[in-house]
Amino acid sequence: MIRHFIGSQLTMLATFFKTAWRNIIRGRVYSALNILGLATGMAVALLIGLWVYDQYSYDRFLPEYQQAYQLKFTKESNGEKHTQKDVCLPLEGALRQDVAEVAYVSPAFGPVDNEMAVGDKKLLPEGLIVGNDFLKIFRFPVLQGSAEGALKDPHSLVLTESLARALFGGIDVVNRIVRIDNDNKKVTAVLSDPPVHSSLQFRYLTLFDEVGATGWIKAATTNWAHDFFTVYASLKPNVSYLQAEPKIRLLVKKYAPVIYASTKEEVTMQPMQDWRLYTDYKNGVAVGGLIDYIRLFSITGILVLLIACINFMNLSTARSEK
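Residues numbered from 1 in each chain as written. Predicted model: local features only at pLDDT ≥ 70, side-chain atom pairs only at ≥ 80, totals over all residues. Heavy atoms only, no water.

What follows is about the overall build of the chain. When its secondary structure is counted, the chain shows ten helices and 15 strands. Buried residues in the chain amount to 39% of all 322 residues. A separation threshold of at least 6 residues defines the contact pool for the chain, and within that pool the share at least 24 residues apart is 71%. Approximately 18,100 Å² of the chain is accessible, and the part contributed by carbon and sulfur atoms is 59%. (Helix = DSSP H or I, 4+ residues; strand = E, 2+ residues; numbered from the N terminus. Buried < 20%, exposed > 50% of the residue type's maximum accessible area, 1.4 Å probe, protein only. Contact = heavy atoms within 4.5 Å. Areas by Shrake-Rupley, 256 points an atom, 1.4 Å probe, with all protein chains shown as cover.)

Here it is as structure tokens:
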């Protein structure tokens, strides 16, 4: 009985396919237009959907990316507020001291391109000068060494996999010495290369500590007017930005009242998932950027698919009348 039922169903499906094929052959032009129109609409909508997904996936590969932020200054000029991503180094210490909701803070500068030498091999890769907490905020996969101790020693050097292979021919290079601009540094860790979906692109990391002790950064460590750096921070688990925002916003007013009096300079923090999407600010608020194009293309994709479906149904209805 079951075999008979299955056989009858297969026969019915075969009949349906034969009938459909005969109708397609009989109306070749109509069938081609109908199928091509629907297929084109679906393809366009699919491509737009993949692009939108690709843009939204930036920086979200990192663990705990929801807690990572970039600090920005909002200044008042001619009655308007202007937001900038370049901030000053003293902001790091102020955050650590005044904002208990902050777990880690790291200044950053770059990209910088310093000559690296291992024996007779010389390269000129781009890297970042960062603080001790950088790899605690941004947990890039570690292939060799430890993220916890990678940026403790002032002479620490963290390489990406591609740079380690270029310099040494492999990634088992922890404790090896690399010469950077007449200074010897010890490799403390090897990271996976930042993927293309990372806003942070670098081939190596070095520390602020050594440069700031006697170098050009030293003068900026206490000057609230030197807005040449980037500062990143991460909030503690289960802490929202709204909880920390009142303290963060008025740090300049507390520590640099003269600057605040002239510019009404305030501190804001932008979450990592918005770095690529929201780059346009108006009166201190992120209002647009790439997100505008994402919304436009999303609406376009939906409309194209809707029009293709309506066209397919109209042609099919008209054909059925015959």
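All told, the structure shown has 13 salt bridges when counted by the stated rule. With a shortest N-O distance of 3.7 Å, D133 and K136 are connected by a salt bridge. Measuring nitrogen to oxygen at the nearest pair gives 3.2 Å for the salt bridge that ties R165 to E161. Residue R165 and its partner E161 are located together in helix 5 (residues 161-168), separated by four residues, close to a single helical turn. The exposure class of R165 is partly exposed, given its relative accessible area of 42%. A relative accessible area of 25% means that E161 is categorised as partly exposed. Here the salt bridges do not stand alone but share partners, grouping E92, R96, D133 and K136 into one network. (Salt bridge = Lys/Arg side-chain N within 4 Å of Asp/Glu carboxyl O.)

To continue, consider helix 5. Among the residues of helix 5, those classed as buried are L163, A164, L167 and F168. The buried residues of helix 5 occupy one face: seen down the axis, they fall within an arc of 105°. Where helix 5 is buried, its residues touch strand 4 (116-118), strand 5 (121-123), strand 8 (156-160), strand 9 (177-180), strand 10 (183-191) and strand 11 (204-207). Of the residues trailing helix 5, G169 is marked for its positive phi of about 85°. (Arc of directions from axis to C-beta.)

A few words now on the side chain of D59. Residue placement: D59 occurs in the loop between helix 2 (28-56) and strand 1 (68-77). With no salt bridge to any partner, buried D59 finds its closest opposite charge in R276, at an N-O distance of 7.6 Å. A polar side-chain atom of D59 sits 2.5 Å from a polar atom in the side chain of S199. Beyond its immediate stretch of four places on either side in the chain, D59 contacts Y65, H197, S198, S199, L200, M272 and W275. (Lys, Arg positive; Asp, Glu negative; His and termini not counted. Polar contact = N/O pair within 3.5 Å; in protein donor to acceptor, adjacent residues only side chain to side chain.)

This next bit is on the environment of V118. If you trace the backbone, V118 turns up in strand 4. Classification of V118 as buried rests on a relative accessible area of 18%. Separated by 50 residues in the primary sequence, V118 and F168 place their C-alpha atoms 7.8 Å from one another.

Turning our eyes to something else, we now look at the packing of aromatic side chains. Within a pair of aromatic rings, the relevant descriptors are the distance that separates the centres and the angle that separates the planes. Taken as a whole, this structure holds 14 aromatic pairs when the rule is applied. Pairing F134 with F138 gives two aromatic rings, centres 5.1 Å apart and planes at 55°, and the pair type is tilted. By relative accessible area, F138 is classed as buried at 0%. Taking 6.2 Å as the distance between ring centres and 80° as the angle between the ring planes, the aromatic pair formed by F134 and F202 counts as edge-to-face. Here F134 is found in helix 4 (residues 134-137), whereas its partner F202 is found in the loop between strand 10 and strand 11, with 68 residues between them in sequence. For F134, a relative accessible area of 0% puts it in the buried group. (Phe/Tyr/Trp six-rings, centres within 6.5 Å; stacked < 30°, edge-to-face > 60°.)

On to the pairing of strand 1, then. Taking burial as the measure, the ten residues of strand 1 include seven buried ones, the bulk of the element. Alignment of strand 1 against strand 12 (residues 230-235), held across three bridges, turns out to be antiparallel. Within the sheet, the bridge partner assigned to Q70 lies in strand 12 and is Y232. Bridging between strand 1 and strand 2 (residues 80-84) involves five bridges; their strand directions are antiparallel. (Pairing = 2+ DSSP bridges.)

So, on to the environment of S106. Within the secondary structure layout, S106 lies in strand 3 (residues 102-113). Judged by its relative accessible area of 0%, S106 falls in the buried class. Sequence separation between S106 and I129 is 23 residues; the distance between their C-alpha atoms is 10.0 Å. Setting aside residues no more than four positions away along its own chain, S106 makes contact with V130, G131, D133, F134, I137, T230, V231 and Y232.

A few words on the environment of S298. With respect to the helices and strands, S298 occurs in helix 10 (residues 290-320). Remark: the alpha-carbon pair of S298 and V52, spanning 246 residues in sequence, is separated by 7.3 Å. A polar side-chain atom of S298 sits 2.7 Å from the main-chain carbonyl oxygen of I294.

This part takes up a nonpolar patch on the surface. A cluster of nonpolar side chains, I299, L303, L306, I307, I310 and M313, forms an exposed patch at the surface whose accessible area comes to about 580 Å². Looking at where L306 falls in the secondary structure, it is placed in helix 10. Judged by its relative accessible area of 46%, L306 is partly exposed. (Patch = residues over 30% accessible without salt bridge, like charges linked within 9 Å, V, L, I, M, F, W, Y side chains within 5 Å.)

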